[in-house]
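For reference, the chains in residue letters:
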Amino acid sequence: MVLQLGSRQYSPQRIFCIGKNYAEHVKELGGSVPGQPVVFMKPVSCLVCPGETIQIPAHGNNLHHEAEVVVLIGTGGKDIPVPAASSHIAGLTLGLDLTLRDVQSDMKKKGWPWEISKAFDHSAPLGTLTLYSEATPLDNIPFQCSVNGAVRQTGNSSAMMFTIPDLIHYLSGIWELREGDLIFTGTPSGVGPLQRGDRVALHSDLLGTFEWSLA
Ligand code: ZN
């Protein structure tokens with residue numbers, strides 16, 4: 001998968017995802033607020049371009065939308081300090097961290113890794129990237145998710161428990177970040193089910209509108 005951003009192309013090799021990054025969403029799932037970022041990954045083969053059809057997986061019964069701000073890393077680095085983190089960002093967009101909620105609950109109960117509930121084919125629909133500049137307020141990105149025209153999730157990056165610079169700092173302390181890395185930064189409250197035939201749309205005044213249908 002090649003991502004276009006202005007005149008440049010990026011070939012992501014990794015998708016980092018952050019769980020439990022909005023207190024209201026942690027509350028709705030009945031979990032506890034984490035003391036450090038909750039990190040998991042999806043393979044790049046999960047990405048779905050805007051306008052493409054999302055295939056609903058057959059190995060679960062409750063597919064949830066999770067609308068998220070997504071960061072594209074432009075300049076890699078290890079142990080990136082928080083104040084320098086924004087200079088490593090190339091682009092921003094919105095994405096969906098699609099989750100089979102019933103399968104995830106089952107995996108959590110068993111204490112097993114939750115990949116089959118989070119990292120299946122088509123689990124990472126991704127909007128078109130917007131070039132990042134220092135003028136973009138990373139701590140004030142409003143966004144929403146609607147299904148068949150009805151708003152289901154309304155969020156703002158201002159409510160993140162770990163900010164985008166915090167996340168870049170944290171991840172780069174574990175992995176050397178690389179050009180093209182994507183970071184799904186967590187979802188606000190309002191997650192809910194999707195069904196065959198639904199149209200799901202992500203919107204931010206800063207980042208655009210992206211839509212998919214489900215089959
Ligand atoms: Zn998520």
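Computed from a predicted structure; not experimentally measured.

(A) A look at the overall build of the chain. Counting secondary structure elements, the chain contains 4 helices and 18 strands. Radius of gyration (C-alpha) of the chain: 16 Å, near the 17 Å computed for a compact globule of 215 residues. If you line up the chain on its principal axes, its C-alpha atoms span 40 × 35 × 30 Å. Looking at the chain residue by residue over its 215 residues, the buried ones come to 52%. Across the chain, every contact between residues at least 6 apart in sequence was considered, and the portion connecting residues at least 24 apart equals 77%. Summed over all atoms, the accessible surface of the chain reaches about 9300 Å², with 51% contributed by carbon and sulfur.

(B) How the structure looks around helix α4 (residues 164-172). Along α4, the residues that are buried comprise I164, P165, L167, I168, L171 and S172. The arc that holds every buried residue of α4, seen down its axis, measures 160°, which confines them to one face. Where α4 is buried, its residues contact β3 (15-19), β4 (38-42), β8 (67-73), β9 (89-96) and β15 (182-184).

(C) Geometry of the coordination of the zinc ion. Note on the zinc ion: its protein donors are E66 (OE), E68 (OE) and D97 (OD). The metal-donor distances range over 2.0 to 2.1 Å. On the basis of relative accessibility, which here comes to 0%, the residue D97 falls in the buried class.

(D) Summary view of helix α2 (residues 101-110). Looking only at α2, the buried set comprises R101, V103, Q104 and M107. Projected down its long axis, α2 carries its buried residues within an arc of 155°, all on one side. In this structure, the buried side of α2 is in contact with α1 (23-28), β7 (63-65), β10 (99-100) and α3 (115-118). One or two steps after α2, the chain reaches G111, where phi turns positive at roughly 75°.

(E) A look at the environment of H203. The topology assignment puts H203 in strand β17 (residues 199-204). Residue classification places H203 among the partly exposed residues on the basis of a relative accessible area of 28%. Those residues within four positions of H203 in sequence are excluded, and the remaining contacts are L94, P142, F143, Q144, G208 and T209. Among the polar contacts listed, one links the side chain of H203 to the side chain of D205, at a separation of 2.8 Å.

(F) Representation of the pairing of β17 within the structure. For strand β13 (residues 142-147) and β17, the ladder comprises 4 bridges, and the chain directions are antiparallel. For Q144, the partnering residue across the bridge sits in β17 and is H203. Summarising the sheet, β17 and strand β18 (residues 208-214) pair through 6 bridges and their orientation is antiparallel. Looking at β18, one finds that V200 is bridged to W212. Remark: 3 residues form the turn of the hairpin made by β17 and β18, two consecutive strands paired antiparallel.

(G) Region of the structure containing the nonpolar core. Counting 61 residues, the largest nonpolar core has I164, I168 and V200 as the members making the most contacts within it. At 6 residues, the largest contribution of residues to this core is made by β8.

(H) The pattern of salt bridges, seen in detail. Here the structure, examined in full by the defined rule, presents 10 salt bridges. A salt bridge links E66 to K118; the shortest N-O distance between them is 3.3 Å. With E66 in the loop between β7 and β8 and K118 in helix α3, this pair connects stretches of sequence that are 52 residues apart. By the burial criterion, E66 is buried, and K118 matches it. For D97, the salt bridge identified is with K118, shortest N-O distance 2.8 Å. With a gap of 21 residues between them, D97 in the loop between β9 and β10 and K118 in helix α3 connect regions that are remote in the sequence.

The rules behind each value
- Residues numbered from 1 in each chain as written.
- Predicted model: local features only at pLDDT ≥ 70, side-chain atom pairs only at ≥ 80, totals over all residues.
- Heavy atoms only, no water.
- Helix = DSSP H or I, 4+ residues; strand = E, 2+ residues; numbered from the N terminus.
- Rg over C-alpha atoms; globule rule 2.2 N^0.38 Å.
- Buried < 20%, exposed > 50% of the residue type's maximum accessible area, 1.4 Å probe, protein only.
- Contact = heavy atoms within 4.5 Å.
- Areas by Shrake-Rupley, 256 points an atom, 1.4 Å probe, with all protein chains shown as cover.
- Arc of directions from axis to C-beta.
- Donors = N, O, S within 2.8 Å, 3.2 Å for Na, K, Ca; no water.
- Polar contact = N/O pair within 3.5 Å; in protein donor to acceptor, adjacent residues only side chain to side chain.
- Pairing = 2+ DSSP bridges.
- Core = buried A, V, L, I, M, F, W, Y, C linked by side-chain atoms within 4.5 Å.
- Salt bridge = Lys/Arg side-chain N within 4 Å of Asp/Glu carboxyl O.

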